[in-house]
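A look at the structure
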Amino acid sequence: MDWLRLYSSVRHDPKVQQLAPALFKHWINMLTLANDQPERGIIRLYHETIAFELHIRPDRLVKILDNLVLRGLLTHGQDGSYSPHNWSLRQYKSDSSYER
């Protein structure tokens, strides 16, 4: 799927609005990365690959991921995967512009 939902209420979400600009950018890039995965919404990639996709050095990635998890914007699965918090509630499978 080439697009994802970004709700305008994000403008009022303190978890998002308190992010430093660089961390906000990484969060948005994680959303788009999650959207492009074979199992939409679940990132099961090596850290080196995630770092490449986020255009950062691999040594910075863990701190960024930990920060997004700590702030409740990402969920870290027991299998090592990452998923944007509440992905399935905001990005439904029925989202399709095909019928339009």
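How each quantity is defined
Residues numbered from 1 in each chain as written. Predicted model: local features only at pLDDT ≥ 70, side-chain atom pairs only at ≥ 80, totals over all residues. Heavy atoms only, no water. Axes fitted to C-alpha atoms, helices over the stretch in contact; angles between N-to-C directions. Helix = DSSP H or I, 4+ residues; strand = E, 2+ residues; numbered from the N terminus. Parallel < 35°, antiparallel > 145°, perpendicular 65-115°, else oblique. Contact = heavy atoms within 4.5 Å. Nonpolar A, V, L, I, M, F, W, Y, C, P; charged D, E, K, R; others polar. Polar contact = N/O pair within 3.5 Å; in protein donor to acceptor, adjacent residues only side chain to side chain. Phe/Tyr/Trp six-rings, centres within 6.5 Å; stacked < 30°, edge-to-face > 60°. Core = buried A, V, L, I, M, F, W, Y, C linked by side-chain atoms within 4.5 Å. Buried < 20%, exposed > 50% of the residue type's maximum accessible area, 1.4 Å probe, protein only.

**What to know about the packing of helix α2 (residues 21-35) against helix α4 (residues 58-70)**
For the pair α2 and α4, interaxial distance at closest approach is 11 Å and the crossing angle is 85°. The orientation of α2 relative to α4 falls into the category roughly perpendicular. Where α2 approaches α4, its residues Leu23, His26, Trp27 and Met30 are matched on the opposing element by Arg60, Ile64, Leu65, Asn67 and Leu68. Taken together, the residues that form the contact of α2 with α4 break down as 6 nonpolar, 2 polar and 1 charged.

**Overview of the environment of Asn67**
Residue placement: Asn67 occurs in helix α4. Put simply, Asn67 and Leu19 are 48 residues apart on the chain and 9.7 Å apart in space, counted from C-alpha to C-alpha. At 2.6 Å, the side chain of Asn67 forms a polar contact with the side chain of Arg71.

**A word on the packing of helix α3 (residues 47-54) against α4**
At a closest axis distance of 9 Å, the pairing of α3 and α4 adopts a crossing angle of 90°. One element, α3, and the other, α4, form an angle in the roughly perpendicular class. On α4, the residues that touch His47, Ile50, Ala51 and Leu54 of α3 are Pro58, Leu61, Val62 and Leu65. Per-class residue counts for the contact of α3 with α4 are 7 nonpolar, 1 polar and no charged.

**Things to note about the packing of aromatic side chains**
Tallied over the entire structure, the rule returns 1 aromatic pair. On the basis of an interplanar angle of 50° and a centroid distance of 6.0 Å, the ring pair of Phe24 and Trp27 is categorised as tilted. Within this pair, Phe24 and its partner Trp27 are both found in helix α2, separated by 3 residues, close to a single helical turn.

**Things to note about the nonpolar core**
Grouped together as the largest cluster of nonpolar side chains are 22 residues, with contacts concentrated most on Trp27, Met30, Ile50 and Leu68. If you list the elements that add at least two residues to this core, you get α2, α3 and α4. Element by element, the count of residues in this core is highest for α2, at 6 residues. Dropping the residues within four chain positions of it, Trp27 is found in contact with Leu6, Val10, Val16, Leu19, Leu68 and Leu73.

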